[in-house]
Amino acid sequence: MDATTLLSLLATAVTTGLVVFAIRQHARNTHDLRVLRAKQISAHNHLQKSRMDLMETRNRARLLEETVKNGTSAVEKVHRTITTTTFSLIDRFSTSEELRENARRARRSHDQTSDRIYRTVHTTNKALHILADSLFIGKKEKKLTERKNLKDK
């Protein structure tokens, strides 16, 4: 065997070794890339879940506020209808002027009091919604924003 053949065999062996090393390195890199991508997808899913939870919390708070608002308005309308009917019947069918006058004063007092009560219920409902928004939703938004900012860095 001459030197050229020996050098050729040595070069072939080294090249084969480098190709095997490159294939193994490629397999490791592909595996690492898959693991990294799976972790990235998992983190993204967690972020999406957090966003969906926040959206659900907002929607529930909005639904609760509107339910109380609409329920209060419905009760107020029924209440007004009943009191208007009652006081109108007293005014129309009463034979005593003194009873009519007392009923009118009672109606004014009743209407003022019920207006204040319903206004208070509506105001309290709005205030509770704002409080819940700042306590719960604001905290969730802040936490979500902090998590997102940490990932961006």
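The structure we're discussing is the one just above.
K.L.:
An account of the overall build of the protein chain is requested, with residue identities and associated values reported.
P.N.:
Check the secondary structure of the protein chain and you find two helices and zero strands. Against the 2.2 N^0.38 benchmark of 15 Å for 153 residues, the protein chain shows a C-alpha radius of gyration of 39 Å, more extended than a compact globule. Taking all 153 residues of the protein chain together, 10% fall into the buried category. Taking all contacts inside the protein chain whose residues are at least 6 apart in sequence as the whole, residues at least 24 apart take part in 72%. Surface accessibility of the protein chain: about 12500 Å² in total, with carbon and sulfur atoms responsible for 62%.

K.L.:
Describe in detail the layout of surface pockets, supporting the description with residues and values.
P.N.:
Computed from the structure, the largest pocket encloses a volume of approximately 160 Å³. Along the walls of the largest pocket sit T57, R60, A61, L64, E65, N125, L128, H129, A132, F136 and I137, which together make up its complete lining. Elements with a contribution of two residues or more to the lining of the largest pocket: α1 (3–93) and α2 (97–152). For the lining of the largest pocket, the element with the most residues is α2, which contributes six residues.

K.L.:
Please set out a nonpolar patch on the surface residue by residue, giving values where relevant.
P.N.:
Side chains of L7, L10, V14 and L18 sit close together on the surface and give an oily, nonpolar patch of about 410 Å² of accessible area. One can find V14 in helix α1. Residue classification places V14 among the partly exposed residues on the basis of a relative accessible area of 48%.

K.L.:
Let's hear about the environment of L9: which residues, and what values?
P.N.:
Relative to the elements of secondary structure, L9 occurs in helix α1. Since its relative accessible area comes to 47%, L9 is described here as partly exposed. Counting along the chain gives 21 residues from L9 to T30, while the straight-line C-alpha distance between them is 31 Å.

Calculation notes
Residues numbered from 1 in each chain as written. Predicted model: local features only at pLDDT ≥ 70, side-chain atom pairs only at ≥ 80, totals over all residues. Heavy atoms only, no water. Helix = DSSP H or I, 4+ residues; strand = E, 2+ residues; numbered from the N terminus. Rg over C-alpha atoms; globule rule 2.2 N^0.38 Å. Buried < 20%, exposed > 50% of the residue type's maximum accessible area, 1.4 Å probe, protein only. Contact = heavy atoms within 4.5 Å. Areas by Shrake-Rupley, 256 points an atom, 1.4 Å probe, with all protein chains shown as cover. 1 Å grid on protein atoms, 1.4 Å probe; cavity = no way out; pocket = protein on both sides within 12 Å on 5 of 7 lines; lining within 4 Å. Points joined across faces, edges and corners; volume = space filled by probe spheres on them. Patch = residues over 30% accessible without salt bridge, like charges linked within 9 Å, V, L, I, M, F, W, Y side chains within 5 Å. Salt bridge = Lys/Arg side-chain N within 4 Å of Asp/Glu carboxyl O.

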